[in-house]
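An overview of the molecular structure
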Amino acid sequence: MATESATRGTADPTRTAVLVRRAWTEALGHDEFTDDDHFFQVGGHSLGALQVVRELGTVLDRRISVRVLFRNPTVRALTEELAAGPSGPLPRTADTGTGLTAGTAVPADVTADPPPSPAVPAAGAVSAAVAGEERP
């Protein structure tokens with residue numbers, strides 16, 4: 001049997017099936033499904049789908065779009081799609097906590113505070129104005 005590195009991205013389908021079942025079990029909160037059950041018919045939902053692809057992306061070291069699960073909504077179909085795999089790990093972006101999806105290009109300073117805007121009053125100025133106080 002060839003290794004993943006020897007076949008440039010082709011994963012072991014048995015290992016992949018185990019990983020897919022595990023990710024589904026975590027997202028669904030149960031293991032009462034077969035390899036041919038539709039994810040959304042056994043209790044799956046969009047947030048669960050995101051959880052599945054994030055978990056699989058982490059363990060397979062690949063960026064996986066949620067569309068892959070939408071297009072392959074059974075364990076069997078998803079396993080086959082993932083086992084075929086890309087020709088290697090895709091680049092990942094840093095998790096900046098901005099809510100951007102994986103793979104979105106993020107400027108290096110995205111988490112930096114923006115410069116103060118002259119149109120926005122300084123902290124405390126609004127409450128002082130409401131109270132009738134003068135502020136320099």
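Residues numbered from 1 in each chain as written. Predicted model: local features only at pLDDT ≥ 70, side-chain atom pairs only at ≥ 80, totals over all residues. Heavy atoms only, no water.

**Looking at unusual backbone geometry**
Residues apart from glycine generally show negative phi values, whereas peptide bonds are mostly found in trans. Phi is positive for Asp61, which is not a glycine, with a value near 55°. Mapped onto the elements, Asp61 comes out in the loop between α2 (46-60) and α3 (66-71). (Helix = DSSP H or I, 4+ residues; strand = E, 2+ residues; numbered from the N terminus.)

**Some words on helix α1 (residues 13-28)**
Here α1 spans 22 Å end to end across 16 residues, near enough to the 22 Å set by a 1.5 Å rise per residue. Of the surrounding secondary structure, the elements contacted by the buried residues of α1 are α2, α3 and α4 (75-84). (Expected span 1.5 Å × (residues − 1). Contact = heavy atoms within 4.5 Å.)

**Examining the confidence of the model for the protein**
In this model, the protein carries a mean pLDDT of 74, and residues with pLDDT of at least 70 account for 54%. This model gives residues 1-10 a pLDDT under 50, and the stretch forms 14 contacts once residues within four places in sequence are excluded. Across residues 87-112, confidence stays below pLDDT 50; counting only partners more than four residues off in sequence or on other chains, it has 22 contacts. (pLDDT = per-residue confidence, 0-100.)

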